Amino acid sequence: MEFFRDVNIDWLGKKWYFLAFSLVFSISGLLSILFWHHIPLGVDFKGGTLVYIKFDAAPQVDRIRQSASSAGLRDVSIQRFGRAEDHEVIVSLPQRDTSEGALDLGRSLIVQALESNYSRSGADSAGKLDLDNASREALAAYLGQADPLHLGVSPNADQQYMQIATKILNYRDQEKSGLIDSLSALQGRVDPAVLSALQSGTFLSGFTIRNVEIVGPQVGAQLRQQAMLATLYSLAGMLVYLWFRFELIYGVAAVVAVFHDTLITIGIFSLVNREMTLTVIAAILTLIGYSMNDTIVVFDRIRENLHTMRRESLSTVVNRSINQTLSRTVLTSGLTFLTVLSLFIFGGEVLNGFSFALVIGILVGTYSSIAVAAPMLVAYQDWRLRRDKRPTPLPAGRRTQVS
Amino acid sequence: MRKNLTGKIILIFATLLVFVFGIFGIPSGVSGTALKAALTNRIHLGLDLRGGTHLILQVMVQEAVGATADNDITRIQADLKQNNISGAIPTRPDAAHPEILRVLSVPADKEGAVRSMLEDRYSAQYDISSAADNTFTLTMKPTVVRDIEQRALAQSIETIRDRVDRLGVSEPVIEEYGPGKNQILVELPGVDDPARVKDIIQSTARLEIHEVLGGPFPDEQSALQANGGTLPPDGELMKAFDQSSDAGQYYLLRRAAIVAGNDFRDAQPSVDVNQRPDVSFILTRAGGDRFFQFTSSNIGKSMAIVLDNSVREVATIQGAIRDQGQISGGGFTKDTADNLSLMLRTGALPASIHFLEERTVGPSLGADSIRQGVMAAVAGMLAVMAFMLFYYHGAGINADLALALNLVILLGFMGFTGSTLTLPGIAGVILTIGMGVDSNVLIFERIREELHAGKSPSAAIDQGFGHAWLTIVDTHVTTIVSAAILFLFGTGPVRGFAVTLTFGLLANLFTAVFVSRVIFDAILNRKQRGEAISI
């Protein structure tokens, strides 16, 4: 089967539509970056404390806020996160509450506040081990102390209790996503004696810390600078490679197109107020490579056709080249889009920003190879014609002959 | 025209075998669990998938520079005394510039002697200049400063590694982070509550014994008054350690320590006469000699045991001591005594440490991330493979085989090189599927074009591969360039992404171009000349 055969679309004839479309998106993004949401920076770049917490029931934001403010944390922001049925929130503290002297003060305050306010069993949790947040070592130590199996004190006993603790926590972490429904759910998984020791000395707080990110102000500033440089180096690297493989004007056109993609992607992040994080920067660098990739395929064909269609005008050559590669462009973008989409849908919360950036990036990157990069070549040629008043062919650049 | 493909086919199967070995090694069995165990044994999971703590520390290296400068002040003092120059006072005037020393109020008639003494003994490390007001300024040379800073960083990394190892954390990563910034990256897999580890990493455990010049004083004001308003230039005030209150006693100590840091050879938790926990220590031979010299000539005076800039204990020197002592009266619990002796055994940090960044991934999030990542990868791959079959029919099988081999090579390569698989790394694998199939699409579309132009199947395949090859190289290079920049700039998880994407695309050159071609040729071999191919 074939979707595109002998297509004959006059792409360059639509260049004013393309220009309008690109301008609308770039400028609205730019305006948002400058005057509205700016570039929303994640904790990686602005510093601060983020604690991701998962609850066993719908989180009560007001209660969390109360617990936090009773612990002396005033500027906490609490956001729901992920799918509603996951019951997750992000509790975040601004950078000024994240001094480098006591980096994780905020985290421990948050955990303490929640622990004293959030327990399913209520008041009888005092002095007990919280099984939803206990580490393997802490649980093993508790079991060793309670010694439900009467093993006495020996390295062998330590080892056995460590194995039991590992088993319980693997059940908690790998099967139940970090929260055990109730202690009786452990029935059949552990020895009854161990279970009763757990029932007497542990409780389930009903929340678990999934992830903590604490970034001091110094690292934030450092990463901001690095991200900017990495993006610029990447663009410069592309320019040099294309200059070397084609001609300078091809490099310039491709880099302008890719810059356009980057600007629109960041602009959309700003418009919908999504935070830029390190992985989003990784996605943007990937998108730079991808969009460049797409542009090169079109340029390669233009270069080839310039050799075989010497009598045709440049716009005919460019149109023909776009049409010839259209099938490939649409297929590849479609397939890459498919994989990115599956990442966006199934990949989970951690990669959400990353896959969102790629979903946008692949759409814009494909569009820009056809609608920005190729027309720029023609515009450059027209400008040279006007300047020199005589036709000079567009340099086709070096090309290795293939058999 | 039949091509002989035997060699190429053997090469492909050998590659397949080698990289399958890379993924699994030699598993103990062929059951699901045995294969899974073999797999996790070969491919290391990053912190974001297995749970753990990632820390970035800043080493305050200028403190090490200050310590060297303080030692040199003591040496200059001794030299002045030896040359019978009295009145001149060596100082370190500016805390923000520990590399600048000054010798103040040099007697006018001794200026020449001081100059020649300083130039004779200190010009290797310092640039020396004099001013009209009878002072000399010694500025540590930048190369010397850099050298001290580098040594402090290296020693900090060693010490932290030693401490973390003794805590029993498995497979920790401890290395310099970002050249020239004096930062250290610490990764602790499986540690999801880093409080204790952080305490132990951060404690400088700088144990020093100083001579007591005066005190105790109830506060800093009265200490100053007792000394006529100014402290002696070689003295410093230090607070006594007191857990119960903020107020406390102050002692005036001689700034340069008698013994410090590296002079301690061993330390063990022990108990004092009242059965309270304390820490006993043993000095090295050189440290013991110096300690003996000091104690034997200062019987009756006091000395202070100082830990991390607070006075733990003040003792009167009863007799000469060579190499053993105890730190008691510090309000130790059994745990703090254990921790302190561990830190003393592993050596002191040459400078204090600040935490700049801390990321903890809980084990449940890691498990969820693996599940979701694998799910996304499988869904993406199935979608792409189904589409290729649907759109290219017979050639779709070819592309799917190439794609599968591409993944095997990518994972096998990671197994061989011991690379770490992170969640963004899984995303890299997924993107490799999408971008890798691009090469097949480019080639197939070109073959179709050539077929439409009326070429024979074998000629069309030839042309298709020939024309697409250069384009494929160009497109791969640009993506690899951006991945390389990402690798240079990124940390942990993001680096994992750059690595898988790069490996994946390199493997793709082999599978999409070479392997696909061999499959086409094998199909052509079985067909009559000019018979149509399925594409």
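Conventions used here
- Residues numbered from 1 in each chain as written.
- Chains lettered and ligands numbered in written order.
- Predicted model: local features only at pLDDT ≥ 70, side-chain atom pairs only at ≥ 80, totals over all residues.
- Helix = DSSP H or I, 4+ residues; strand = E, 2+ residues; numbered from the N terminus.
- Rg over C-alpha atoms; globule rule 2.2 N^0.38 Å.
- Buried ≥ 20, exposed ≤ 12 C-beta atoms within 10 Å, placed from the backbone.
- Pairing = 2+ DSSP bridges.
- Axes fitted to C-alpha atoms, helices over the stretch in contact; angles between N-to-C directions.
- Contact = placed C-beta atoms within 7 Å.
- Domains from an automatic or database assignment.
- pLDDT = per-residue confidence, 0-100.
- Nonpolar A, V, L, I, M, F, W, Y, C, P; charged D, E, K, R; others polar.
- Parallel < 35°, antiparallel > 145°, perpendicular 65-115°, else oblique.
- Left-handed = near helix turned anticlockwise from the far one by under 90°.

## Considerations on the overall build of chain B
- Secondary structure assignment for chain B yields 15 helices and 19 strands.
- In terms of overall dimensions, chain B is more spread out than a globule: its C-alpha atoms have a radius of gyration of 35 Å, far above the 24 Å expected for 535 residues.
- Reported as C-alpha extents along the three principal axes, the dimensions of chain B are approximately 110 × 60 × 40 Å.
- Taken across its 535 residues, chain B has 44% of its residues classed as buried.

## What about the sheet that holds strand 6 (residues 135-140) of chain B?
All names here are of chain B.
- In spatial order, the strands read 3-4-6-5; together these four strands make up an open sheet with antiparallel pairing. Of all the strands in the sheet, the pair left with one neighbour each is strand 3 (89-91) and strand 5 (126-131). Ignoring strand direction, the axes of neighbouring strands in this sheet form an average angle of 20°.
- Where strand 4 (residues 100-104) lies against strand 6, four bridges are found, and the strand directions are antiparallel. Counted as the bridge partner of Arg102 is Thr137 from strand 6.
- Lying on the sheet, helix 5 (residues 111-122) is in contact with strand 4, strand 5 and strand 6; it crosses strand 5 at an angle near 170°.

## Observations concerning the domain arrangement of chain B
Residue and element names in this part refer to chain B.
- Taken as a whole, chain B is organised into domain 1 (6-46 + 363-526), domain 2 (62-145) and domain 3 (207-329).
- Computed from C-alpha atoms alone, the centre-to-centre distance between domain 2 and domain 3 is 26 Å.
- At the junction of the two partners, domain 2 supplies seven residues and domain 3 supplies four residues.
- Those elements giving two or more residues to the side of domain 2 that touches domain 3 turn out to be helix 4 (62-82) and strand 3.
- For the side of domain 2 that touches domain 3, the element with the most residues is helix 4, which contributes five residues.

## Some thoughts on the confidence of the model for chain A
- Averaged over all residues, the pLDDT of chain A is 85; the fraction at 70 or higher stands at 91%.
- Across residues 399-403 of chain A, where pLDDT falls below 50, the model places seven contacts with residues more than four positions away in sequence or in other chains.

## Some points on the sheet that holds strand 6 (residues 207-215) of chain A
- Pairing in this open sheet of eight strands is antiparallel, and the strands run 2(A)-3(A)-1(A)-6(A)-18(B)-2(B)-8(B)-7(B) from one edge to the other. One side of each edge strand has no neighbouring strand; the edge strands of this open sheet are strand 2 (77-81) of chain A together with strand 7 (173-177) of chain B. Here the strands of the sheet are splayed against their neighbours by 20° on average, with no regard to which way each runs.
- With eight bridges joining them, strand 1 (residues 48-55) of chain A and strand 6 of chain A adopt antiparallel strand pairing.

## Some points on the pairing of strand 1 of chain A
Residues and elements named next belong to chain A.
- Burial runs high along strand 1: eight of the eight residues are buried.
- Alternating positions in strand 1 separate into two faces, Gly48, Leu50, Tyr52 and Lys54 on one and Thr49, Val51, Ile53 and Phe55 on the other, with burial throughout.
- With six bridges joining them, strand 1 and strand 3 (residues 88-93) adopt antiparallel strand pairing. Bridge pairing in strand 3 places Ile53 opposite Val89.

## Description of the interface of chain A and chain B
- Between chain A and chain B, the residue contacts involve 62 residues of the former and 59 residues of the latter.
- Ranked by residue count, the leading element in the side of chain A that touches chain B is helix 10 (residues 278-308) of chain A, at 13 residues.
- Here the residues of the side of chain A that touches chain B are counted per class, giving 29 nonpolar, 24 polar and nine charged.
- Direction of pairing for strand 6 of chain A relative to strand 18 (residues 353-361) of chain B: antiparallel, over a ladder of five bridges.

## Considerations on the environment of Ser156 of chain B
All names here are of chain B.
- Within the secondary structure layout, Ser156 lies in helix 6 (residues 142-166).
- On the basis of neighbour counts, which here come to 28 C-beta atoms within 10 Å, the residue Ser156 falls in the buried class.
- Taking the C-alpha atoms as reference, Ser156 lies 9.0 Å from Ile353; in sequence the two are 197 residues apart.

## Focus: the packing of helix 9 (residues 248-271) of chain A against helix 10 of chain A
Residue and element names in this part refer to chain A.
- The N-to-C vectors of helix 9 and helix 10 enclose an angle of 140°; their axes lie 9 Å apart at closest approach. The pairing of helix 9 with helix 10 is recorded here as oblique in orientation. As helix 9 runs across helix 10, the sense of the crossing is right-handed. Here Tyr250, Ala254, Ala257, Val258, Asp261, Thr262 and Thr265 of helix 9 lie close against helix 10, whose contacting residues are Ile284, Leu287, Ile288, Ser291, Met292, Thr295 and Phe299.
- Residue composition of the contact of helix 9 with helix 10, grouped by class: nine nonpolar, four polar and one charged.

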